[in-house]
Each structure stands twice: as C-alpha cells, then as structure tokens.
Amino acid sequence: MNWSGWLLWGFVGTVVLTTLMAGSQGMHLTRMNLPYMLGTIFTASRDRAKAIGFALHLVNGWIFALIYVAAFNSWGRATWWLGGAIGLVHGLFVLTAGMRLVPGIHPRMASETQGPNAVRQLEPPGFLALNYGVQTPISVLAAHLLFGAILGAFYTVRAS
Amino acid sequence: MKCIDDYAIIGDCRSAALVSRDGSIDWLCWPRFDSPSIFGTLLDETAGHWKIAPTGPFRSERRYVQDTNVLQTRFYTPTGSLLMTDLMPVASASEEHHILLPEHEILRVVECESGNVELEMLFDPRPGYGLASFRAVDAGRLGVRVQTPSGLLVLRTDLPLTTANHGPIRGHGTLRAGEARHFSLTLAEQWQAVLPPLGKWSRESVARSVAWWKDWASHLTYEGPARDSVARSALALKLLIYAPSGAVIAAPSTSLPERIGGDLNWDYRFCWLRDGSLTVRALFGLGYAEEAQGFVSWLLQATRLTQPELRILYDVHGNKPNPERIFNHLAGYAGSRPVRIGNAAVDQLQLDVYGEVIHAATELVRREGDLDRETRGMLRAFGEFVCQNWQRPDEGIWEPRSGKAHNTHSRVLCWAALDRLLELHRKGHLPRVPALKFAENRELIRRDVETRAWNSALRSYVARLDGDRLDASLLLLPWYGFEKASSERMRQTYARIRDHLGAGGGLLYRYRREDFPGEGAFGICGFWGAEYLALGGGTIEDAQETFERLCAFANDVGLFAEEIDPATGHALGNFPQAFTHVGLINAALSLAGRLEGEEPVPRQVPAHGAEPDAPEVQP
C-alpha cells in the first residue's frame, strides 16, 4: 500500500472535484454544494456550514480514495481510465442511492413527505439531484470521473 | 393606471421590490438590484406581477411599521378588513448563526381583522424582463417551483392553489376574522434552496425583521425638524445600500419616466460617484458611521481598476455595467418609451466626480481621523489628474447626451478637490503632495469661475462658463465652500434661480431650456434651495418653511422619486430615489445645525494625530 500516494492524490482529487462543483455552481449549472449539505448536518449557520462541510468533505475524499486505491492494489495497476471508471460508478452511486438516503439522515433537510418545518428546511435533492438543476447529474458525474482519473493517473501501485 | 407614488419599497439591502397600493408586487429584480426583473408589470403589464388582494371592491391604506421597512397595507371591503404585511426578511448575525435562512425571500402575511373577506392571489413570474422561458412545477409540500435563469423560485403558501405550467398560478379562499394566510417566495441562486415553514414561523420571521429594523433605526441621532421624514429617508437610503459591498444605488428601478409618455427614461440601478460626498455627509450626520465608512471604502476600492481616471457610475461591485440596451418588447411605464437596461452615461466624462470622491474621503478623515497609505496614494493621483484635466469640457452633473461643455459645477468641484487635498496636506494627513502645484491650479480655477461663470448682466452665476443659463446645481457652491451662502453673489444667484427655476411650493427645476420639452421639478434641487437658506442664504424661518413644504411632496409612506410634477404633486422618474432622500437629510441637518447655532457645514479636518472632531488649535 502506497500511503503517501493515497494521502497526496486523494487530497488533490478532492480539491479538484470540489473546485469543479463550485465552478458549476458559479456558472449556474447546479445549486448542489456537497460541503454545504454536509455542514448543515451540524449547524444552521450558512458560513459555518460551509467551513465545517469543507473539512468533512476533505475527509470523505480521503476515505473514498482509500476504496479507489484498494481496487488499484488488487488489480495491480492504476490508470486514468480505470480510476475514471470507478469515479463514474461512484458518481452514479452518489446521485442515486446517496441522494435518496440524504433526506432520511440529514436533520435539516425537508422531504416530499416531511416538512418544511422549523428544523427541516433544506431543499431535498430529488431523483438524480435534479432538484438542484437539470445539469446537476452531469456536473456530479464529471467531477467524480475527474477525481477517479486523477487518482488512477498519479497513484503508483507498489509491489508488495 | 397606477401612479409612481402608488408604490412602496421593501428590501433586504441586496435587492428591492415595489409594492403597489392594491397589493401587487409589480417590480422585483432578483438576486441583485440590477439583475433582470422577475416581476416587471411596472414597465409592461405582461412582464409579471404577484398580487394578493380582496376579490371584490376595496379601499386600501398603508404604512410602514414604525421605524422599519416592513410594509402594512390595510384593505377595507364591504364585508370586512384585511391587513397584509409585506417584507423581505432580515435577521441579525447571531440569528443567522442558529437559524437556517433562505438566500432571498419575500414574505407576505394576510390577516383578517374583521368580518369575512374573500381573498385572491395571482402569482405570475416573468423572468428576464419577460423574455426568459420558465416552467412552474407543483412539488406538493415543497411548494411551486419555478426554474429561472436567476435561480430557483419557490412559492409556498397555505392558501389552496391552482397551477399551470406556463400561465399564472392562482389561489383563492375566504378568511374569517382572526384567520391568516402566509405566502413565502424564495430564490435559491447558487445553493440548495432553504424552504422556510409557514404559520408561526412566518410570524416569527416578521418579528425578527421588525426588531432588526427597529434596532437599526434606534441609532439615528437626528432630533431636528421633520424627524419622521428624516427617519423615513434614512430607512429608504439603507434599503438602497448594497450590504455586501457598501455601494449605494441611485434607485431600484429603470425607465420610470421624467416626463410621462416621454423618452427621458434611464436605468438607475447603479452607483453614481456624483452622489458621493452628499451621501457620506448624510450618513455621518445621522449617526450611521458604519454605512458612511462602507460607502467611502467602496468609492475608493471599487474605482481601483480605472484610477486615477474615474467612471461616473459603477455596478455594486465596482464593475462597468453591461452596455445600454433598449428593450422594445416592453411598453414602458404609461407608454413611456424606450425602456433602457444599462446606462450609456457610463462612458461620459464628469469632472465633478473627483471633487465628490475627495470630499467624501475628507469627510471620513474629519470623522475617523486618518488615512491609510494606499488611500493617500490614490488621493494624490486624483489631485494630479485634476490639475491636468480641469480645463477640459465635460458632460457635467446632469449627464446630457448632447455633448460636452465647460460646466461651472464641474469646475467648482475641481476647485473643491484641490482645496480639500491641500487641507489634508496642511493638517499632516497627506504628506508628499505637490502642494504648490495644487495651490496654483486651485487659484486658476477660482479665477476662471469668478470671471467666466459670473454673468454680470444677469447678476448671477450661470450653468456654463461664458453662458447665460441658470442651473440649480449652482446652489451647491456654498456647500462645497466656494462661496459663502450670505455673499452678495450667492444671494443674487439664489434670487435668479428662484425666479427662473421655481416651480412652486419650494420646488425647483434643475434647468430650463427653450429647446427642451420639459420634465418635472427635480427633487433634490428643491432641498438644495432649502439647505442654501439654512446655510445662511436666508432666514431660519424661510429655510424651515421651504423645507417643510418640500417634505409634504413625499408620498403617503414618505418616499420620493427623482422628480415631482409641480402641477399634480405626483412622483416622476425612478423611485424611490436615493439622491432626493439624501437632499432631504442634508437640508434637515443644515437646518437643525442653524437652529442650534452651529457652523453651517462643519468640514474642518483635525490635525494628523489629533482626535476626530476635536476643536482646531490655533497656531
């Protein structure tokens, strides 16, 4: 296991993914902001939520990167397209199962059946997170594909 | 047809909406003052609105909740009465830390006070000045969702609705005494939408906003004549300050005509440097130092990309607004065409803005005591620019599109720019300036104005050098310290202006020309007249009477447009207008000062290192 490679490229991949998603927000392609969504689990303050969420998102990035590098190690090689393929699956998982789970576990998120009420006021993502804009799935898939491609391209599998 | 003064403003210091007397929001640009409109019926009846009102005939009265920008409209019908509260919710920083709040929201609460009243709601958004396509989707408990180019609009209400994909959304119900209905419209621009609940939560939101505005208004230090008018002007001005940058926009509307049916229709949703020193003095004078400092910082920082040259207007973040466009698909207010989006005056040369910015910075020193190194560098560069350019013709304060001229007001402001810089230098705030060069140019400008802007045949200062036309901006000469208000020349100038530009009731036209088809009396010019009297040009009684007559031209909720029709007293031009309210505040401050026997316009800068506002030590 190449621990330093995991730490470095997991970090770089997460930063690039976050930048791409934030850029998509700025260009009005999506209103989805994963750090904000994560941060509002812990606080209602918009500013604090962004900071807490970003830290959590970074940790999440490393955790997910661990799964990527485990796959690379088991295959004995890492390439950009292998990483990209895992990223695509990862993105699809986030959009489908992940987004369906969020309203159930997020204490401040409303759902089609619950709220809005005094606590649950955050707009739920809906199917494929389409509530956050019709181009959200494309942005999410592109960001995760790039995340995986970076890991696959730069992570070096060491012979055990 | 609704009059311009049939509107009142609500806002959150980022954007504003105009609400008519009959319960309709006819103008809303979201998320920023200069964003494309979502409701634009003000300019074309097909450009969208949001109306909540009794179904049958009614009479309405309205007011702001005391010391707030929370509007209350009371509808009286044959069967009962309704009270509608309109606001854009605001909250304190500590409340924002523990409450999840939408990025942008308009909240409307309707309560039945007596009897039974049938209520109807019509929600008809037309994003992008009525040009953008959109689709409304009923998402059940999550509200009606309308995707627009500005973001996601979500309408939530406890009134039963009927929705259509492209048509208006309607709601209908009967309210009995004690019952209430709540309407929340939010815009999620870049983030996941926050959907505030209704009912108790809405009422808490109203209470939070009322408390926030009351707290803000409690810092008002003014205790002089017409305090209510001054307080309302302060509240209106606060709504026009874009909180994230500190910029003050001229007005939240575009193309409201200066002449009904005419073509004097301009986009005022930007920030004019011209308004700088007058606005700063008004804010400091009322006790709102934070807003004044914020505006001066904006003046100095936003202009950084073009310094030492200054544009005459910027958007709220200091960028050049998009080029002016004519929107032929909009019929215009009362058929007043064209409707302009953007303002081509941005490319004009107005030399007065240098005096305004330097004067504003001087006011900051007078109140706060010092300048940082960077600002000193900027001010020196402005001074150099003035020395090199004051002889040039410019478009001048009124931005005519007929070409440049040698405008007296601009030249006096160039004099004021160098005079203020030299004072800052003398008091040690501005070392290493070419003082001799500044002083020589200041004297040259004074000689130029005294000889060429004084028309001895007319016995008055005139609008242009070597000219023979009058202009109300000449009343500002004492304000900038160029002439004493009590000087013979100023008294004669005032008498000519009153005779030639007077419109009755203390109102003044800004100018009059044979080749000009006419417009209303210019709001701030009347207040300049009242202030001139208060500064020593007339008696206290004259000044107070003129000031109070002018205050009476405000609409029923205390708001002024840019101009006033002297024949009807109705508002003309963009609404509400910061410049007019600034004029009212400054006239009130000068009047109050005169009543208390103070120096007319205190502008002595304290010596470097001395306490601000400390009396100057004579050498």
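Just so we're clear, the structure is a prediction, and the values are computed from it rather than from any experiment. (Residues numbered from 1 in each chain as written. Chains lettered and ligands numbered in written order. Predicted model: local features only at pLDDT ≥ 70, side-chain atom pairs only at ≥ 80, totals over all residues.)

### Re the overall build of chain B
Now for step 1: For chain B, the count of helices and strands is 13 helices and 28 strands.
Now for step 2: Against the globule reference of 25 Å for 619 residues, chain B gives a C-alpha radius of gyration of 25 Å, in line with a compact fold.
Now for step 3: Across its three principal axes, chain B shows a C-alpha extent of roughly 75 × 50 × 45 Å.
Now for step 4: The buried share of chain B, reckoned over its 619 residues, is 55%.
Now for step 5: When contacts within chain B are restricted to residue pairs at least 6 apart in sequence, those whose partners lie at least 24 apart make up 67%. (Helix = DSSP H or I, 4+ residues; strand = E, 2+ residues; numbered from the N terminus. Rg over C-alpha atoms; globule rule 2.2 N^0.38 Å. Buried ≥ 20, exposed ≤ 12 C-beta atoms within 10 Å, placed from the backbone. Contact = placed C-beta atoms within 7 Å.)

### Digging into the environment of B:Ala247
Residues and elements named next belong to chain B.
Now for step 1: On the secondary structure map, alanine 247 appears in strand 17 (residues 247-248).
Now for step 2: With 23 residues separating them along the chain, alanine 247 and phenylalanine 270 place their C-alpha atoms 8.8 Å apart.
Now for step 3: Dropping the residues within four chain positions of it, alanine 247 is found in contact with Tyr242, Cys271, Trp298, Ala302 and Val316.

### Some words on the interface of chain B and chain A
Now for step 1: Between chain B and chain A, the contact holds 19 residues from the first and 22 residues from the second.
Now for step 2: In terms of residue count, helix 1 (residues 93-98) of chain B provides more of the side of chain B that touches chain A than any other element does, 3 residues in total.
Now for step 3: A breakdown of the residues in the side of chain B that touches chain A according to their chemical character gives 12 nonpolar, 5 polar and 2 charged. (Nonpolar A, V, L, I, M, F, W, Y, C, P; charged D, E, K, R; others polar.)

### Focus: the nonpolar core
Residues and elements named next belong to chain B.
Now for step 1: Ranked by internal contacts, the top residues of the largest apolar core, which has 232 residues, are Ile249, Tyr354, Val357, Cys414 and Ala417.
Now for step 2: Residue contributions to this core reach at least three from each of two domains, namely domain 1 (4-217) and domain 2 (227-595).
Now for step 3: The residues touching isoleucine 249, leaving out its near neighbours within four places in the chain, are Phe33, Leu240, Tyr242, Arg269, Phe270, Cys271, Val316 and Ala578. (Core = buried A, V, L, I, M, F, W, Y, C linked by C-beta atoms within 7 Å. Domains from an automatic or database assignment.)

### Notes on the domain arrangement of chain B
Residues and elements named next belong to chain B.
Now for step 1: On domain assignment, one finds that chain B holds domain 1 (4-217) and domain 2 (227-595).
Now for step 2: Computed over C-alpha atoms only, the centres of domain 1 and domain 2 are separated by 34 Å.
Now for step 3: Contacts between domain 1 and domain 2 engage 28 residues on the former and 37 residues on the latter.
Now for step 4: Taken together, the elements giving at least two residues each to the side of domain 1 that touches domain 2 come down to strand 1 (7-11), strand 2 (16-20), strand 6 (59-64) and helix 2 (200-217).
Now for step 5: For the side of domain 1 that touches domain 2, the element with the most residues is strand 1, which contributes 4 residues.
Now for step 6: Partitioning the side of domain 1 that touches domain 2 into residue classes produces 17 nonpolar, 3 polar and 8 charged.

### Let's talk about the confidence of the model for chain B
Low-pLDDT stretches of the model should not have their predicted coordinates read in fine detail.
All names here are of chain B.
Now for step 1: When the pLDDT values of chain B are averaged, the result is 93; 96% of them are 70 or greater.
Now for step 2: Confidence drops under a pLDDT of 50 for residues 614-619, and excluding neighbours within four residues, the segment shows 3 contacts in the predicted structure.
Now for step 3: Reported for the predicted complex are a pTM of 0.90 and an ipTM of 0.75. (pLDDT = per-residue confidence, 0-100.)

### Observations regarding the sheet that holds strand 26 (residues 521-522) of chain B
All names here are of chain B.
Now for step 1: Reading across the sheet, the 3 strands line up as 26-27-28 and stay open at both edges, with antiparallel pairing between neighbours. Looking along the sheet, the strands with just one partner apiece sit at the ends: strand 26 and strand 28 (571-572).
Now for step 2: Here strand 27 (residues 563-564) pairs with strand 28 via 2 bridges, running antiparallel. Bridge pairing in strand 28 places isoleucine 564 opposite alanine 571. (Pairing = 2+ DSSP bridges.)

### Some points on the environment of A:Leu58
Residues and elements named next belong to chain A.
Now for step 1: Within the secondary structure, leucine 58 sits in helix 3 (residues 46-75).
Now for step 2: The class of leucine 58 is partly exposed, set by 16 C-beta atoms lying within 10 Å.
Now for step 3: Once the C-alpha coordinates of leucine 58 and threonine 14 are considered, the two residues, 44 residues apart in sequence, prove to be 6.3 Å apart.

### A look at the packing of helix 4 (residues 276-286) of chain B against helix 13 (residues 578-595) of chain B
Residue and element names in this part refer to chain B.
Now for step 1: Look at helix 4 against helix 13: their axes get within 9 Å of each other, and the N-to-C directions meet at 55 degrees. The pairing of helix 4 with helix 13 is recorded here as oblique in orientation. The interaxial crossing formed by helix 4 with helix 13 has left-handed handedness. From helix 4, Leu278, Thr279, Arg281, Ala282, Gly285 and Leu286 reach across to helix 13, where they touch Val582, Ile585, Asn586 and Leu589.
Now for step 2: Across the contact of helix 4 with helix 13, the residue classes tally to 6 nonpolar, 3 polar and 1 charged. (Axes fitted to C-alpha atoms, helices over the stretch in contact; angles between N-to-C directions. Parallel < 35°, antiparallel > 145°, perpendicular 65-115°, else oblique. Left-handed = near helix turned anticlockwise from the far one by under 90°.)

### A word on the packing of helix 6 (residues 352-368) of chain B against helix 7 (residues 373-389) of chain B
Residue and element names in this part refer to chain B.
Now for step 1: Packing of helix 6 against helix 7 leaves a shortest axis separation of 11 Å and a crossing angle of 150 degrees. Regarding the angle of helix 6 to helix 7, the classification is roughly antiparallel. For the pair helix 6 and helix 7, the sense of crossing is left-handed. Note on element contacts: helix 7 touches helix 6 through Thr375, Leu379, Phe382, Phe385 and Val386, opposite Tyr354, Val357, Ile358 and Ala361.

### What about helix 3 (residues 227-239) of chain B?
Residues and elements named next belong to chain B.
Now for step 1: Under the 1.5 Å per step criterion, the end-to-end length of helix 3 is 18 Å for 13 residues, consistent within 8% with the ideal 18 Å.
Now for step 2: Most of helix 3 sits inside the fold, with 10 of its 13 residues counted as buried.
Now for step 3: Every buried residue of helix 3 is accounted for by Ser229, Val230, Arg232, Ser233, Ala234, Leu235, Ala236, Leu237, Lys238 and Leu239. (Expected span 1.5 Å × (residues − 1).)

### With respect to the pairing of strand 6 of chain B
All names here are of chain B.
Now for step 1: Where strand 6 lies against strand 7 (residues 71-77), 6 bridges are found, and the strand directions are antiparallel. Along strand 7, the bridge assignment pairs serine 60 with phenylalanine 75.
Now for step 2: Where strand 6 hands over to strand 7, the hairpin turn is made up of 6 residues, of which aspartate 67 adopts a positive phi near 60 degrees.

### Brief notes about helix 4 of chain B
Residues and elements named next belong to chain B.
Now for step 1: Most of helix 4 is tucked away, with 11 of its 11 residues classed as buried.
Now for step 2: Turning to helix 4, the residues buried within the fold contact helix 3, strand 17, helix 5 (289-302), helix 6 and helix 13.
Now for step 3: Glycine 287 occupies a position one or two residues after helix 4 and carries a positive phi of about 100 degrees.

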